[in-house]
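Below, each chain spelled out in residue letters.
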Amino acid sequence: MLHEVKFRSFNQRDDVYGWIYVPACQPKGIVQLVHGFGEHSRRYFHMIVRFMEAGFIVAADDHVGHGKTALENDTWGNWGSAGPDTMMEDEYTLKKVVQKKYPNIPYFMYGHSMGSIITRQFIAKYGNELAGAIICGTVGPDAVPCAQGIELLRPLVEAGKGAESDPAMLGNLLGGLFSRIEEVKIGNEWICHDPYVQLDHAQDPFDAFTKPTCNEALLQFIQMVQEVNTPEWASKVPQNLPLYNVAGDEDPCGSFGDGVELVSNWLVETGHNVDTVLYEGYRHEIHNYADLKDEMVDGMIEFLNKALA
């Protein structure tokens, strides 16, 4: 069964579009899937099906400025002016929508890339409402030059240029992701070694923005990265919340494993129980490698079942 849902965004401007995928069995849990920057939730369809086959309802939306939400609201690359908690609060609204239809079922959250940042924001505020959380493609503190980005973007936003965009700005901020890429042809080679995954990502009409991300959205993104990349963030996460931190050790977003381990260390040092898995030889989108995606999802399902037990 599939439900399409719609709700008002925290930005009070957009209607967010989401979907609830329901298996034809007694569900044992709900997994809310949080997608990354510049993409959309249906890029995870393989994972959604696998979760359903394992007995889980899956809920997902397209963030403001992304996917169908951007298309319907005509707001590509623009997230509104409500601040860096907008997407996190939208995920909380989706959770309430899902639980109204399917109450009293253990609830989990999975977030990849920027979705891992949103999930980390979420568990610091609403973690006591979850049965567990998975952060994937974890963004460490060195992935984005936050101080430089804020110095560039805040004056533009304060000068009333928040809705404007510079095609070069995102490249300037995320250029470090290509530090170990020998040859750049498309501009997204850091996500995966597989050229077919790169091409699929680049040609997806719901994935690539029709225009560059606006200045205010980029500023909010940097503020989101800053918000979760401190030891103080870890201290806000409920200590009894089961956590799974998974990435590839060639993922530049996780500083090639170092940033992923740093995030886990913050959690361990604040008394949390976190399982950390680094897949050797893989870049950012570990869920899209043909030779890894099933093993990767198996590990997450094992974590979910363990948390339920």
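Worth saying up front: this structure is predicted, and the values here are computed from it rather than measured.

Rules and cut-offs
Residues numbered from 1 in each chain as written. Predicted model: local features only at pLDDT ≥ 70, side-chain atom pairs only at ≥ 80, totals over all residues. Heavy atoms only, no water. Helix = DSSP H or I, 4+ residues; strand = E, 2+ residues; numbered from the N terminus. Rg over C-alpha atoms; globule rule 2.2 N^0.38 Å. Contact = heavy atoms within 4.5 Å. Areas by Shrake-Rupley, 256 points an atom, 1.4 Å probe, with all protein chains shown as cover. Lys, Arg positive; Asp, Glu negative; His and termini not counted. Charge placed at Lys NZ, Arg CZ, Asp CG, Glu CD. Buried < 20%, exposed > 50% of the residue type's maximum accessible area, 1.4 Å probe, protein only. Pairing = 2+ DSSP bridges. Right-handed = clockwise from strand over helix to strand, strands pointing away. Axes fitted to C-alpha atoms, helices over the stretch in contact; angles between N-to-C directions. Disulfide = S-S within 2.5 Å. Salt bridge = Lys/Arg side-chain N within 4 Å of Asp/Glu carboxyl O.

Draft legend 1. Expanded view of the overall build of the protein chain. Within the protein chain one finds eleven helices and eight strands. Its C-alpha atoms give the protein chain a radius of gyration of 18 Å, near enough to 19 Å, the size a compact globule of 309 residues would have. Summarising its shape, the C-alpha atoms of the protein chain cover approximately 50 × 40 × 40 Å along the three principal directions. Counting only contacts in the protein chain whose residues sit at least 6 apart along the sequence, the fraction spanning at least 24 positions is 76%. In the form shown here, the protein chain has an accessible surface area of approximately 12700 Å², with 49% of it arising from carbon and sulfur atoms. Seen as two clouds, the 23 positive and the 43 negative side-chain charges of the protein chain have centres 8 Å apart.

Draft legend 2. View of the pairing of strand β3 (residues 29-34). For β3, the buried fraction is high: six of the six residues fall into the buried class. What you see with β3 is no split at all: G29, V31 and L33 on one side and I30, Q32 and V34 on the other are buried throughout. Relative to strand β4 (residues 56-61), β3 is paired through five bridges, and the arrangement is parallel. Within β4, the position partnered with L33 by the bridge is A60. For the crossover that starts at β3, traverses helix α1 (residues 45-53) and ends in the parallel β4, the hand is right-handed. Note: β3 against strand β5 (residues 107-112), five bridges, orientation parallel. Within β5, the residue paired with Q32 across the bridge is M109.

Draft legend 3. Summary view of the sheet that holds strand β2 (residues 15-21). Taking strand neighbours across the sheet as the criterion, the eight strands line up as β1-β2-β4-β3-β5-β6-β7-β8 in an open arrangement whose pairing is mixed. A strand with exactly one partner marks an edge of an open sheet, and here the two such strands are β1 (2-8) and β8 (274-279). Put simply, the sheet's adjacent strands are angled 20° from each other on average, direction ignored. Direction of pairing for strand β7 (residues 243-248) relative to β8: parallel, over a ladder of six bridges. Looking at the pairing, V246 lines up with V277 of β8. α1 contacts β2, β3, β4 and β5 of the sheet and is inclined by roughly 155° relative to β4.

Draft legend 4. Focus on the state of the cysteines. Across all of its chains, the model carries zero disulfides by this definition. No disulfide involves C253; its sulfur sits 11 Å from the nearest other cysteine sulfur, which is in C136. Residue C253 is classed as buried on the basis of its relative accessible area of 6%.

Draft legend 5. Focus on the environment of P103. Examined against the element boundaries, P103 turns out to sit in the loop between α3 (86-101) and β5. Measuring from C-alpha to C-alpha, the distance between P103 and N215 comes to 39 Å, with 112 residues separating the pair along the chain.

Draft legend 6. Fine view of the pattern of salt bridges. Going through the model one piece at a time under the given rule, you end up with 13 salt bridges. The residue K68 makes a salt bridge to E4 at a minimum N-O spacing of 3.1 Å. Here K68 is found in helix α2 (residues 67-73), whereas its partner E4 is found in strand β1, with 64 residues between them in sequence. Judged by its relative accessible area of 18%, K68 falls in the buried class. Between R8 and D15 there is a salt bridge; the shortest N-O distance is 3.1 Å.

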